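Below are the chains, spelled out letter by letter.
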Amino acid sequence: MDFHNKNVDIFFPKNNEQDVLEVDFLAIGAHQDDIEIMSFPPILEAYHSDKKFAAVTCTDGAGSPSSGPYASYTREEMIECRKQEERTAAKLGNYTFLMQLGYTSADARSKEGNDFLVKDLEQIILKYRPKRIYTHNPFDKHKTHLSVYCATIKALHNILKEYEPMKVYGGECWRDLDWIPDGLKETVSIGNDITLLEILLGTYQSQVASGKRYDKAAIARLQANSTYADPYTLDKSNYVSCFLDLTSVALNQISTKDYMERYLTYFLKEVRDNVEKLPW
Ligand SMILES: [Zn+2]
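Below: a short report on this structure. In this convention, every chain numbers its residues from 1, walking through the sequence in written order. Thresholds applied to this predicted model are a pLDDT of at least 70 for local features of residues and 80 or more for the giving and counting of side-chain atom pairs; totals over whole chains, interfaces and linings are not thresholded and use all residues. Hydrogens are left out, water is left out, and the side-chain values use all remaining heavy atoms of the structure.

### Observations regarding the overall build of the protein chain
Piece 1. Each helix and strand counted, the protein chain has 11 helices and 8 strands in total.
Piece 2. In this treatment the radius of gyration is a C-alpha quantity, and the globule benchmark scales as 2.2 Å times the residue count to the 0.38 power. Its C-alpha atoms give the protein chain a radius of gyration of 19 Å, within 12% of the compact-globule value 19 Å for 280 residues.
Piece 3. Principal axes of the C-alpha set define a box for the protein chain whose edges measure 65 × 45 × 35 Å.
Piece 4. In the protein chain, 79% of the contacts between residues at least 6 apart in sequence involve partners at least 24 apart.
Piece 5. Side chains of the protein chain give 33 positive and 41 negative charges; the mean places of these two sets differ by 2 Å. Secondary structure follows DSSP: runs of H or I at least 4 residues long count as helices, runs of E at least 2 residues long count as strands, and numbering of each begins at the N terminus. Working rule for contacts: check all heavy atoms of both residues, and any pair within 4.5 Å makes them a contact. Charge assignment: positive for Lys and Arg, negative for Asp and Glu; neither His nor the chain ends contribute. We put the charge of a Lys on NZ, of an Arg on CZ, of an Asp on CG and of a Glu on CD.

Quick look at the structure:
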């Protein structure tokens, strides 16, 4: 494959899988820990089966705030640190491969840089033909996440004649999906053992030690998704992930804007209906 950036980092944790032709799950995230935060269910599923999970991280992670033991790190040192952290996660999580594409956040957000990212993603998707793709959801509030969402959807549109994913999902990162009305979001039970996710998120010490406790917050969100799913039934499992099914957008059957408006309309109706039924 011919990638845009010279600093792209390709890692096959299991050497015997370098010649793999297809993967079951491909997660495409903006930053080094996004993959684990937003798409843990397929990581877990592959970990306990012979299915293949692969990850693509689009940016170099240089934009993250650093303090504490990492305060003196140069930009280059922080890039290298984050790269190694995700390699460790890929190894511990038994990923088939991890590709870190090395874009700066500014590049990923710019029209020109995003076009290069689209081409990189097209190549990866066509080569490994994942059955399911996971990426950021369009309601995320982080602009770099939205740029990666945009690049993923554009790449899928560009290659539609050659490849159609069975499913494309948007996961939770910088905005939860619990507000999406029931029946319109997909919820995946993770069970009661969250040890693997604790281990994977624990590899990102540059984030955790700098004061952003993504490790705690991401797991707490999964717990909250379970407990606050339904006020009238007991929790079926301790941890639940929420996803948006973006397949219709990926297949170009509906635009992102129309897709989002549909969800916002449903949300508005649900909230209004509930308020109108109050005993005023
Ligand atoms: Zn991120």
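### A look at the environment of Pro130
Piece 1. Looking at where Pro130 falls in the secondary structure, it is placed in the loop between helix H5 (111-128) and strand S5 (132-136).
Piece 2. The sequence separation of Pro130 and Ala27 amounts to 103 residues, and the corresponding C-alpha distance is 9.4 Å.
Piece 3. The contact partners of Pro130, leaving out residues within four places of it in the chain, are Val23, Asp24, Phe25, Leu26, Ile125, Tyr163 and Pro165.

### Digging into the coordination of the zinc ion
In an ideal octahedron of six donors the angles at the metal are 90 or 180 degrees, and in an ideal tetrahedron of four donors they are 109.5 degrees.
Piece 1. With distances of 2.1 to 2.4 Å, the protein atoms coordinating the zinc ion are His31 (ND1), Asp34 (OD), Asp34 (OD) and His145 (NE2).
Piece 2. Atoms are scored as donors when they are N, O or S and lie within 2.8 Å of the metal, with 3.2 Å used for Na, K and Ca; no water is included, so coordination may look incomplete. In these descriptions, tetrahedral denotes four donors with every angle between 85 and 135 degrees, square planar four donors and octahedral six donors with opposite donors over 155 degrees apart and the rest between 65 and 115, and irregular any other case. Geometry at the zinc ion is irregular, judged from the 4 donor atoms that bind it and their angles of 56 to 136 degrees at the metal.
Piece 3. The sequence pattern describing where the donors of the zinc ion fall on their chain is H-x2-D-x110-H. On the criterion of sequence distance, the pair formed by His31 in the loop between strand S2 (25-29) and helix H1 (34-38) and His145 in helix H6 (residues 143-158) is long-range, its members being 114 residues apart.
Piece 4. Residue classification places His145 among the buried residues on the basis of a relative accessible area of 0%. Note on exposure labels: buried denotes an accessible area under 20% of the residue type's maximum, exposed denotes more than 50%, and partly exposed covers the range between, all computed with a 1.4 Å probe on protein chains only.

### Here we look at helix H2 (residues 40-47)
Piece 1. The buried count for H2 comes to 6 of 8 residues, which makes it a mostly enclosed element.
Piece 2. Within H2, burial applies to Phe40, Pro41, Pro42, Ile43, Leu44 and Ala46.

### Observations regarding H6
Piece 1. Helices are assigned an expected span. That span is 1.5 Å times one less than the residue count. The terminal C-alpha atoms of H6, which comprises 16 residues, lie 22 Å apart, in line with the 22 Å expected from a rise of 1.5 Å per residue.
Piece 2. Within the span of H6, buried status applies to Thr144, His145, Ser147, Val148, Tyr149, Ala151, Thr152, Ile153, Ala155 and Leu156.

### Thoughts on the packing of helix H7 (residues 195-202) against helix H9 (residues 214-227)
Piece 1. For helices, the axis comes from a line fit to the C-alpha atoms of the stretch in contact; other axes are also lines fit to C-alpha atoms, and the angle between any two N-to-C directions lies between 0 and 180 degrees. Across the interface, H7 lies against H9 with an axial gap of 9 Å and an inter-helix angle of 150 degrees. Judged on the interaxial angle alone, H9 and H7 are roughly antiparallel. Here H7 runs over H9; the crossing is right-handed. On the side of H7, the interface is formed by Leu197, Glu198 and Leu201, while H9 contributes Tyr214, Asp215, Ala218, Ile219 and Leu222.
Piece 2. When grouped by side-chain class, the residues that make up the contact of H7 with H9 number 6 nonpolar, no polar and 2 charged. When describing relative orientation, an angle under 35 degrees is termed roughly parallel and one over 145 degrees roughly antiparallel, while 65 to 115 degrees is termed roughly perpendicular and anything else oblique. Crossings are classed by handedness, with left-handed meaning an anticlockwise turn of the near helix from the far one by less than a right angle and right-handed meaning a clockwise turn. Put simply, Ala, Val, Leu, Ile, Met, Phe, Trp, Tyr, Cys and Pro go in the nonpolar bin, Asp, Glu, Lys and Arg in the charged bin, and everything else, Gly too, in the polar bin.

### Focus: the packing of aromatic side chains
Piece 1. Stacked, edge-to-face and tilted are the three classes for Phe, Tyr and Trp ring pairs, Trp counted by its six-membered ring, which pair at centre distances within 6.5 Å; planes under 30 degrees apart are stacked, over 60 edge-to-face, the rest tilted. In the structure shown here, the tally under the stated rule is 12 aromatic pairs.
Piece 2. Taking the centre distance of 6.3 Å and the plane angle of 80 degrees together, the rings of Trp174 and Tyr214 count as edge-to-face. You can see Trp174 sitting in the loop between strand S6 (167-171) and strand S7 (186-191) and its partner Tyr214 sitting in helix H9, a full 40 residues away along the chain.
Piece 3. According to the relative accessible area criterion, Trp174 is partly exposed, its value standing at 30%.

### A closer look at the pairing of S2
One face of the sheet, then the other: side chains in a regular strand alternate in exactly this way.
Piece 1. Of all 5 residues that make up S2, 5 are buried, and the element is covered over most of its length.
Piece 2. Here S2 shows a buried face lined by Phe25, Ala27 and Gly29 and a second buried face lined by Leu26 and Ile28.
Piece 3. Of the strand pairs in this sheet, S2 and strand S3 (residues 53-59) are connected by 5 bridges, and their pairing is parallel. Considered in S3, the bridge of Gly29 is made with Thr57. Should DSSP find at least two bridges between two strands, the strands are regarded as paired.

### Focus on the packing of H5 against H6
Piece 1. Packing of H5 against H6 leaves a shortest axis separation of 8 Å and a crossing angle of 55 degrees. Classed by the angle they form, the pair H5 and H6 counts as oblique. Our pair here, H5 against H6, has a crossing hand that is right-handed. Seen from H5, the contacting residues are Lys111, Asn114, Asp115, Leu117, Val118, Lys119, Leu121, Glu122 and Ile125; seen from H6, they are Ser147, Val148, Cys150, Ala151, Thr152, Lys154, Ala155, Leu156 and Asn158.
Piece 2. Of the residues in the contact of H5 with H6, the class split is 9 nonpolar, 4 polar and 5 charged.

### Side note on the environment of Ser64
Piece 1. Position of Ser64 among the secondary structure elements: in the loop between S3 and helix H3 (75-92).
Piece 2. Residue class for Ser64 comes out buried when judged on its relative accessible area of 14%.
Piece 3. The spacing of Ser64 and Lys91 is 27 residues in sequence and 23 Å in space, taken between C-alpha atoms.
Piece 4. Ignoring anything within four residues of it in the chain, the contact list for Ser64 reads Met78, Arg82 and Gln207.

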